[in-house]
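# Fold and contact review
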Amino acid sequence: MPSRRVTVTIEDGLHARPVAELVRLAEEHSAGATVSARGAIADLRSVLAVMDLALRHGDEVVIDVPDSPGAEVLIERLARIVAPGQT
């Protein structure tokens, strides 16, 4: 399973707009994806689940995407939303 560890670099943390973009991308990928931080895991196809993580600037997260066609591209695109300019 492709995985990427990134640090949230968005100054305001992951608020509604970047979370909506994460969910939109994850929904396009049939295999789905998850994000985890501080021992909690959220399905990236659920806005509420991701918002419940309350990810702040500086939080380290792990993005996991099941092995499938396009998984590496998806994980790269998701990481760029969480950490713009850092991936």
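Going along each chain's sequence as written, the residues are numbered from 1 onward. Side-chain atom pairs in this predicted model are given and counted only at pLDDT of 80 or more, local residue features only at pLDDT of at least 70, and totals for whole chains, interfaces and linings cover all residues. By convention in this description, side-chain values take in all heavy atoms of the structure and omit both hydrogens and water.

## Overview of the sheet that holds strand E2 (residues 34-37)
To be explicit about the condition: Note on pairing: DSSP must find at least two bridges between two strands before they are called paired. A run of H or I in DSSP counts as a helix once it spans at least four residues, and a run of E counts as a strand once it spans at least two, with each numbered from the N terminus. Comment: axis = line fitted to C-alpha atoms, over the contacting stretch for helices; angle = value between 0 and 180 degrees taken between N-to-C directions. Whether two residues touch is decided by their heavy atoms; if any such pair falls within 4.5 Å, the residues are in contact.
Read from one edge of the open sheet, four strands run E1-E4-E2-E3, paired in antiparallel fashion. Unpaired on one side and paired on the other, strand E1 (3-7) and strand E3 (40-43) mark the two borders of the sheet. Adjacent strand axes in the sheet meet at a mean angle of 25°, parallel and antiparallel pairs treated alike. When E2 meets E3, the two strands line up antiparallel, connected through four bridges. When the bridges of E3 are listed, Thr-34 appears paired with Asp-43. In the packing of helix H3 (residues 71-82) onto the sheet, the strands contacted are E1 and strand E4 (60-64), and the crossing angle to E1 comes to about 10°.

## Observations concerning unusual backbone geometry
Short version of the rule: Throughout this description, buried means an accessible area under 20% of the type-specific maximum (1.4 Å probe, protein chains only), exposed means over 50%, and partly exposed covers the range between.
For Arg-38, which is not a glycine, the phi torsion comes out positive at approximately 50°. Following the sequence through the fold, Arg-38 ends up in the loop between E2 and E3. Phi angles above zero are rare outside glycine, and Ala-54 is one such case at about 50°. By relative accessible area, which is 41% here, Ala-54 ends up partly exposed.

## A few points about helix H1 (residues 16-28)
This is how it is decided: In this analysis, the expected span of each helix is defined as 1.5 Å times one less than the number of residues it contains. Think of it as the arc spanned by the lines of direction from the helix axis to the C-beta atoms.
In a regular helix each residue adds 1.5 Å, so 13 residues correspond to 18 Å; H1 covers 18 Å between its end C-alpha atoms and thus fits that length. Taken together, the buried positions of H1 are occupied by Pro-18, Val-19, Leu-22, Val-23, Leu-25 and Ala-26. Mapping the buried residues of H1 onto a view down its axis gives an arc of 165°, with all of them on the same face. Exposed residues pointing more than 90 degrees away from the buried face of H1 are listed as Ala-16, Arg-17, Glu-27 and Glu-28. Buried residues along H1 sit against helix H2 (47-52) and H3.

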